[in-house]
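Listed below are the residues making up each chain.
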Amino acid sequence: MSSKALSVTVYGGADQIGGNKILLEDRDTRVFLDFGEPFGLKDDFFVDWLQPRDKRTGLKDYFHFDLMPKIRGLYGPDQLEDTDLRYSEPEFDAVFISHMHFDHVMHIKFVDDKIPVHLGSAAERIRQSWEATGGNNVTFGDHEFKSFRTGAKVKVGSLEVEPIHVDHSVPGAYGFVIHTSEGCVAYTGDMRLHGPRSDMTKEFVRRAAEEKPVAMICEGTRVSDADPREDLSEKDVEERAKRLVAGHKKLAIVSFYPKDVDRIRTFRDVARASRRRFVISTKVAHMLQSLKGDKRIDVPDPMADPNMLVYVRSGLARPQAYDKVYLDRLGSSDHIVDASYVAKHQDELIFHTDFMQLAELIDVGPSPGSLFIRSKSEPFEEDDVQEEVLKNWISWFKLDFHQAHASGHASMREIFDTVNRISPKVLIPVHTEHPELFRRCSCPVQPPEARKKISL
Ligand SMILES: [Zn+2]
């Protein structure tokens, strides 16, 4: 086989959860599957206000500490100006994004704008909302963003990419079935089988199995012999939260990842069942209203749903455009409330807060004994700084702490089951700390080495 045939090179996502950057080469066609930032990428050299100077010096600091691979024909001219890698015209045809999670998409800002980025149409709406509400630090570059839906067949050079929706903890998540000149390659992205739309994941698995892939690139977030976390479904989260809120006479606070629309729907339903209203931030409201245009997703409308309210922060010196939309209607719309309203109606509300917005609790003033439900995964590390800070807030406000979370990822058993069902000629495990455990599957396994080409 010549070097121009089919190969996969994992630049990010080998032996680590997140940061997927997977190069697929078929003859002269080269595409990246995802281009995310690994969690904790910079932690060895940067902390707090000491951060890479990327706005000023592009990729210089990243290259210095070998935090990013030096690849010719990939990055934008501004990114390379201060580095020893010379800019050259793009040598890559496209980036395909599986879903809009930080660890799958964030680094496309470094990629040459001349290289188009393909993503699902709901993912594109989330991207735009993220850019509009994320402040100065959030950018995805000026690429041509081309959106697709399930059923599409996107032709790029010698490849035909078939995106198929999967269920994950963010809308617009896809796996890819990719037709190459040497057979089919399947890529899972991130997926789960215990969520509200497991039918979508099953559709992907069925389609991939039909193609008898020469290779499958599979996520393995929960592939581990020691997974101490609870195995709840979204329905379990709803039932547990309903029980917790039903008996409570005080404010109910819930903390979860704000792009998880399933979780938003779950807590809207918990609010309805407990005759409360679910209060979300302007940022979350903006995302929901951006997604509303997509008729295929069932998205609650915070400005119309009788069980939802939008919370505006008080005293913003220079509110951003998306904040102003809601601020201007405070007092005239009965769907918009501020801290004084929440403070006065504590036993009628479920208040959403993300870690970064904990300070709103100072304005809201939850009475001692208020409920706090953490609806995200327990921290991995014992010495997690955010966890320490959260604990201090909980005890300062004397909150009644509970945990209720359903993972965005399939369990180890489900992942191995999926692999066996698709039965590829070779399996390449990514997005996992335990690629060797995949050897328990009934097909050959090739654990990737970072930046090393795997010829297929
Ligand atoms: Zn994800």
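Residues numbered from 1 in each chain as written. Predicted model: local features only at pLDDT ≥ 70, side-chain atom pairs only at ≥ 80, totals over all residues. Heavy atoms only, no water.

Novice: A description of the overall build of the protein chain should follow, citing residues and the corresponding values.
Specialist: If you tally the helices and strands in the protein chain, you get 14 helices and 20 strands. Taking 23 Å as the expected radius of gyration for a compact globule of 456 residues, we find that the protein chain reaches 23 Å, a close match to that expectation. Evaluated residue by residue, the protein chain yields a buried proportion of 58% over its 456 residues. Counting contacts in the protein chain only where the partners sit at least 6 residues apart, residues at least 24 apart contribute 68% of the total. Surface summary for the protein chain: the accessible area is close to 20200 Å², and the carbon and sulfur share equals 48%. Between the mean site of the 63 positive side-chain charges and the mean site of the 73 negative ones, the protein chain shows a separation of 3 Å. (Helix = DSSP H or I, 4+ residues; strand = E, 2+ residues; numbered from the N terminus. Rg over C-alpha atoms; globule rule 2.2 N^0.38 Å. Buried < 20%, exposed > 50% of the residue type's maximum accessible area, 1.4 Å probe, protein only. Contact = heavy atoms within 4.5 Å. Areas by Shrake-Rupley, 256 points an atom, 1.4 Å probe, with all protein chains shown as cover. Lys, Arg positive; Asp, Glu negative; His and termini not counted. Charge placed at Lys NZ, Arg CZ, Asp CG, Glu CD.)

Novice: I'd like a rundown of unusual backbone geometry, residues and numbers included.
Specialist: Unusually for a residue other than glycine, arginine 275 sits at a positive phi of about 55°. Relative to the helices and strands, arginine 275 resides in the loop between α8 (261–273) and β13 (277–281). Phi is positive for serine 423, close to 50°, though the residue is something other than glycine. Checked against the element boundaries, serine 423 lands in the loop between α14 (412–422) and β19 (427–430).

Novice: Quick rundown of the coordination of the zinc ion? Include the residues and the values.
Specialist: Within the protein, His99 (NE2), His101 (ND1), His168 (NE2) and Asp190 (OD) serve as the donor atoms for the zinc ion, at 2.2 to 2.5 Å. Coordination at the zinc ion is irregular: its four donor atoms span angles of 90 to 170° at the metal. (Donors = N, O, S within 2.8 Å, 3.2 Å for Na, K, Ca; no water. Tetrahedral: all angles 85-135°; square planar, octahedral: opposite > 155°, others 65-115°.)

Novice: Any chance you could break down the packing of aromatic side chains for me, citing the residues and the numbers?
Specialist: All chains considered together, the criterion is met by 20 aromatic pairs. Look at tryptophan 130 and phenylalanine 140: their rings are 5.3 Å apart centre to centre, the planes differ by 70°, and that puts the pair in the edge-to-face class. Highlighted residues: tryptophan 130 in helix α5 (residues 121–133) and phenylalanine 140 in the loop between α5 and β6 (145–148), separated in sequence by 10 residues. Using a relative accessible area of 11% as the deciding quantity, one classes tryptophan 130 as buried. Look at phenylalanine 140 and you get buried, because its relative accessible area is 0%. Ring pairs connect the aromatic residues Phe96, Phe148, Tyr174, Phe176 and Tyr187, which therefore count as one cluster. We note arginine 127 situated over the ring of phenylalanine 145; from NZ or CZ to the ring centre the distance is 3.6 Å. Across from the ring centre of tryptophan 130, 4.0 Å away, lies the NZ or CZ of lysine 259, which sits over that ring. (Phe/Tyr/Trp six-rings, centres within 6.5 Å; stacked < 30°, edge-to-face > 60°. Lys NZ or Arg CZ within 6 Å of the ring centre and 35° of its normal.)

Novice: Help me get a handle on α5, residues and values and all.
Specialist: In an α-helix, one full turn covers 3.6 residues, which means residues spaced three or four apart are oriented alike. For α5, built from 13 residues, the straight-helix expectation of 18 Å at 1.5 Å per residue is met to within 8% by its first-to-last C-alpha distance of 19 Å. Restricting attention to buried positions, one finds in α5 the residues Ser121, Ala122, Ala123, Glu124, Ile126, Arg127, Ser129, Trp130 and Thr133. Contacts made by the buried residues of α5 are with α4 (102–105), β5 (117–120), β6, α9 (282–291) and α10 (321–327). Trailing α5 by a residue or two, glycine 135 shows a phi angle of about 80°, which is positive. (Expected span 1.5 Å × (residues − 1).)

Novice: Give me the side chain of glutamate 360: which residues, what numbers.
Specialist: Take glutamate 360: it is sitting in helix α12 (residues 360–364). Beyond its immediate stretch of four places on either side in the chain, glutamate 360 contacts Tyr311, Arg313 and Phe351.

Novice: Outline the pairing of strand β11 (residues 215–219), listing residues and values.
Specialist: Along β11, five of the five residues are buried, which leaves the element largely enclosed by surrounding structure. Side chains Ala215, Ile217 and Glu219 of β11 all project onto a buried face; the interleaved residues Met216 and Cys218 project onto the opposite face, where all are buried too. Following the backbone out of strand β10 (residues 183–187), through helix α6 (residues 198–210) and into the adjacent parallel β11, one traces a crossover that is right-handed. Bridge count for β11 against β19 is four bridges, and the pairing is parallel. Counted as the bridge partner of glutamate 219 is valine 430 from β19. (Right-handed = clockwise from strand over helix to strand, strands pointing away. Pairing = 2+ DSSP bridges.)

Novice: Account for helix α13 (residues 385–396), with residues named and values stated.
Specialist: Taking 1.5 Å as the rise per residue, α13 with 12 residues should run 16 Å; its terminal C-alpha atoms sit 17 Å apart, in good agreement. Taken together, the buried positions of α13 are Glu387, Leu390 and Ile394. Looking straight down α13, one finds its buried side chains confined to an arc of 60°; they lie on one side. Among the exposed residues of α13, those pointing more than 90 degrees away from its buried face are Val385, Ser395 and Trp396. Elements that come into contact with the buried residues of α13 comprise β17 (371–374) and β18 (400–403). A positive phi of about 55° marks lysine 398, the residue just after α13. (Arc of directions from axis to C-beta.)

Novice: If you had to explain the nonpolar core to someone new, which residues and values would you point to?
Specialist: Tyr75, Phe267 and Phe278 are the most contacted members of the largest nonpolar core, which has 67 residues in total. Both domains that meet at this core, namely domain 1 (7–225 + 408–455) and domain 2 (234–403), each give it at least three residues. With sequence-adjacent residues up to four places away left out, phenylalanine 278 is seen in contact with Val254, Phe256, Ile264, Phe267, Arg268, Ala271, Asn307, Met308, Leu309, Ile350 and His352. In terms of nonpolar packing, the next biggest core, distinct from the first, is built from 28 residues, Val8, Val10, Leu24 and Phe176 among them. (Core = buried A, V, L, I, M, F, W, Y, C linked by side-chain atoms within 4.5 Å. Domains from an automatic or database assignment.)

Novice: Lay out the sheet that holds strand β7 (residues 154–156) in plain terms, naming residues and giving numbers.
Specialist: Pairing in this open sheet of six strands is mixed, and the strands run β7-β8-β9-β10-β11-β19 from one edge to the other. Two strands lie at the open edges of the sheet, namely β7 and β19, each paired on one side alone. In this sheet, neighbouring strand axes are inclined to one another by 20° on average, regardless of whether the strands run parallel or antiparallel. Of the strand pairs in this sheet, strand β8 (residues 159–165) and strand β9 (residues 174–180) are connected by six bridges, and their pairing is antiparallel. In the sheet register, glutamate 162 faces β9, and the bridge partner there is valine 177. Running over the sheet, α6 touches β8, β9 and β10 and is turned about 150° from β8. Along the sheet, α14 makes contact with β11 and β19, crossing β11 at roughly 170°. (Axes fitted to C-alpha atoms, helices over the stretch in contact; angles between N-to-C directions.)

Novice: Kindly report on the side chain of histidine 335, identifying the contributing residues and their values.
Specialist: Inspection of the secondary structure assignment puts histidine 335 in the loop between α10 and β15 (336–337). For histidine 335, a relative accessible area of 10% corresponds to the buried category. Looking at histidine 335, its side chain comes within polar contact range of the main-chain oxygen of methionine 303, at 3.5 Å. Among residues more than four places away in sequence, those in contact with histidine 335 are Arg277, Pro302, Met303, Ala304, Asp305, Pro306, Met308, Leu309 and Val310. (Polar contact = N/O pair within 3.5 Å; in protein donor to acceptor, adjacent residues only side chain to side chain.)

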